[in-house]
Structures are given as structure tokens and as C-alpha cells.
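Descriptive analysis of the structure
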Amino acid sequence: MTAEPPLPGTIPSPNVWRWPLIYEVENLGVDRAGVIESELRQVADWVGRDVVDLGCGTGFHLPRFAAEARSVVGVEPHPPLAERARQRVAGMPHMRVLEATAAATGLADASVDVAHARWAYFFGPGCEPGLAELERIVRPGGTAVVIDNDATRSTFGGWFRRGLPTYDPVAVECFWLRRGWTRVPLDIAWTFDTRTDFEAVLGIEFAPAVASEILADDPERTGVDYAVNLWWRRY
Ligand SMILES: C[S@@+](CC[C@H](N)C(=O)[O-])C[C@H]1O[C@@H](n2cnc3c(N)ncnc32)[C@H](O)[C@@H]1O
């Protein structure tokens, strides 16, 4: 049996596509202090609202939204992950997972109050088709929120630039600002229970040479300070 070709516009995500269980460990170690969640509530409270999580992966964030939202849709183009997300939310009311992309969600016009994308598709230049889809699906008064790395700051930001020397964080920032999005810089952390977990997560996020350097720099390290940007826009 041959695998279906990816949906147009799908961005390969080797970390979660190839190692979903290690990515789960990563998600469990991201922002244990809840800095992102508390800011998210300020800019796009989802209580009683219709939420979409674009690029939901294995659906890690879906149950949190589902606990208080009116409805939650996970959108995920990679079929094995869409299936994992479905299993995660099985039996929860008002939940759906669609095998679709951020640029072609299949959702009705003006049907969403809160559109959330975390480390998924909306990485700056290239995501214009997804922005057009947001214009279509987000209701007047609704909010879109994108969470991504801020590679200009923090120890993690330095590692990220080491791994991707051609990445231009200033160009990414200009991309969002030019389109009227607001930046909220946040300081979070990766916190892992063991060095083994930390090593495993580094191994799916960085090339082997960079991961080895990071591990050699500090043999005791099990986490890192990590700057992110929360970008948001009202419709
Ligand atoms: C790094 S993972 C993040 C998953 C999830 N947001 C989380 O925080 O656990 C990026 C996800 O975006 C998905 N993705 C790739 N291209 C996409 C597209 N065009 N539209 C929506 N999601 C996409 C990938 O399949 C992957 O599941």
C-alpha cells in the first residue's frame, strides 16, 4: 500500500511526524509555569467560544481548549497525527479533528472565535495562504494567535540560530508587524524531569552535531530558558 501524497502546502515536521512520543515528552516539558496559557487567556479567551487549533499535531492542546470552549476543531494534515489527535479527544463533546491544512481548513465562513497555531505552519513568509484562510473563517471580533520561537533572545534562541544559521528573525518579525499583528514577547522554559528526556528532545529538534555541542556545554543541564513570541490579531 502506498502512502497518500501530503496535502498541498503541508510543511514537513520531522520532530512530531517521526517521533510523536518524544514530542509528547517535549510538550509536557514546555512552559510548565503556564506563561503562554495565561497570556493566551488575556488576548483570546476561549471560554464559551468556537476554537480551531491549526496544525494540532497529536492534539496535545485540544483537551485544554475543550474543557471550556463551546466547540473545538483540530486541523492536522498528517494522517497518522490526525488519527492520534482523534484518539486523544475521543468521547469529548463538541470536538472534531479534520485532516486538512491551515490554508484549506474546510471550515465555514466566519465560524471561529479563536484560531490558535503553535509551532505550526505560521512561521512568517510563506504562510500567506493561511492568513487568507484566517480572514475567511474568523468571525468579526474573533482573534488569531500564533506562538513561535523568538530567536533573537534566550539560550534556546541561540541554539536555534546555531541550528538554522540562515534564519532571519528580524524578517519574520517585520512580516507580522507589516500585517498588523501584535507581538507579545514571553519568557518560558523547557523543564525536563531527567537528562534522558532532555537528550531525547534535543535529538528530535536539532541536528546531531548541534545537540552534541549543547550536551557537552553543560553535562548537568535538563532544561533551558526559552524566548517565544505570541503574535495575535483581531478580525
Ligand atoms: C511542530 S508540530 C506542532 C504540533 C502542535 N501544534 C503542538 O504544539 O503540539 C507542527 C504541526 O504542523 C503541521 N502542519 C504542517 N503543515 C501544515 C499546514 N500547511 N497546515 C496546518 N498544519 C500543518 C504538522 O503536520 C505538525 O503536526
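A brief structural summary. Model, not experiment: these values are computed from the prediction. (Residues numbered from 1 in each chain as written. Predicted model: local features only at pLDDT ≥ 70, side-chain atom pairs only at ≥ 80, totals over all residues. Heavy atoms only, no water.)

The next thing to look at is the site of the ligand. Taken together, 23 residues are adjacent to the ligand, and Ile11, Trp17, Gly55, Glu76 and Arg118 come closest. Residue arginine 118 places a main-chain N or O atom 2.8 Å away from a nitrogen atom belonging to the ligand. Burial of the ligand by the protein chains amounts to 98% of its free accessible area of 600 Å². Of the pockets mapped on this structure, the ligand occupies the largest pocket. For the shell around the ligand, the secondary-structure elements that each account for two or more residues are helix 1 (14-18) and helix 2 (20-29). Looking at the shell around the ligand element by element, the count peaks at three residues for helix 1. For the shell around the ligand, a count of residues per class yields eleven nonpolar, ten polar and two charged. (Near = heavy atom within 4 Å. Polar contact = N/O pair within 3.5 Å; in protein donor to acceptor, adjacent residues only side chain to side chain. Areas by Shrake-Rupley, 256 points an atom, 1.4 Å probe, with all protein chains shown as cover. 1 Å grid on protein atoms, 1.4 Å probe; cavity = no way out; pocket = protein on both sides within 12 Å on 5 of 7 lines; lining within 4 Å. Sits in = over half its atoms within 2 Å of the grid points. Helix = DSSP H or I, 4+ residues; strand = E, 2+ residues; numbered from the N terminus. Nonpolar A, V, L, I, M, F, W, Y, C, P; charged D, E, K, R; others polar.)

Okay, empty space enclosed by the protein next. Scanning all chains against the criterion turns up two cavities of 30 Å³ or more. Taken as a whole, the largest cavity holds about 90 Å³ of empty space. If you go around the largest cavity, the residues you meet are Asp148, Asn149, Asp150, Ala151, Thr152, Tyr167, Pro169, Val172, Glu173, Trp176, Asn229 and Trp231. For the lining of the largest cavity, the leading source of residues is helix 8 (residues 169-178), giving four residues. Classifying every residue of the lining of the largest cavity by side-chain character gives six nonpolar, three polar and three charged. Secondary structure elements with two or more residues in the lining of the second largest cavity: strand 4 (112-118) and strand 5 (138-149). By residue class, the composition of the lining of the second largest cavity is nine nonpolar, one polar and no charged. (Points joined across faces, edges and corners; volume = space filled by probe spheres on them.)

Note on placement: glutamate 205 falls in helix 9 (residues 195-205). A relative accessible area of 26% places glutamate 205 in the partly exposed class. Sequence separation of glutamate 205 and valine 16 is 189 residues, and the distance between their C-alpha atoms is 9.5 Å. Excluding its chain neighbours within four sequence positions, the residues that come into contact with glutamate 205 are Asn15, Tyr23, Glu26 and Trp190. (Buried < 20%, exposed > 50% of the residue type's maximum accessible area, 1.4 Å probe, protein only. Contact = heavy atoms within 4.5 Å.)

Turning to the layout of surface pockets, a few remarks are in order. A water-sized probe, rolled over the atoms, reveals where empty space remains. Approximately 1100 Å³ is the volume attributed to the largest pocket. Around the largest pocket, the lining is made up of 47 residues, and of these Ser13, Asn15, Trp119, Phe123 and Glu205 lie nearest the centre. At the level of elements, helix 1, helix 2, strand 1 (50-54), strand 5, helix 7 (154-163) and helix 9 are the ones that each hand at least two residues to the lining of the largest pocket. Looking at the lining of the largest pocket residue by residue, the class counts come to 28 nonpolar, 13 polar and six charged.

For the structure shown, the criterion picks out 17 aromatic pairs. Here phenylalanine 156 and tryptophan 190 contribute two aromatic rings whose centre-to-centre distance is 5.0 Å and whose plane-to-plane angle is 70°, an arrangement assigned as edge-to-face. Residue phenylalanine 156 is located in helix 7, and its partner tryptophan 190 is located in strand 6 (residues 182-191); the two are separated by 34 residues in the primary sequence. Taken individually, phenylalanine 156 and tryptophan 190 each receive the classification buried, so the pair is uniform in this respect. A ring pair is formed by tryptophan 176 and tryptophan 231, whose centres lie 6.2 Å apart and whose planes are at 25°; its orientation type is stacked. You can see tryptophan 176 sitting in helix 8 and its partner tryptophan 231 sitting in strand 7 (residues 223-234), a full 55 residues away along the chain. A relative accessible area of 1% places tryptophan 176 in the buried class. The buried category is assigned to tryptophan 231, whose relative accessible area is 2%. Here the aromatic cluster, defined as three or more aromatic residues joined through ring pairs, consists of Trp119, Phe156, Trp159, Phe160, Tyr167, Trp190, Phe192, Phe198, Phe206 and Tyr226. Over the ring of phenylalanine 175 we find arginine 179; its NZ or CZ atom is 3.8 Å from the centre of that ring. In this structure, arginine 233 packs its charged tip against the face of tyrosine 235, placed 4.3 Å from the ring centre. (Phe/Tyr/Trp six-rings, centres within 6.5 Å; stacked < 30°, edge-to-face > 60°. Lys NZ or Arg CZ within 6 Å of the ring centre and 35° of its normal.)

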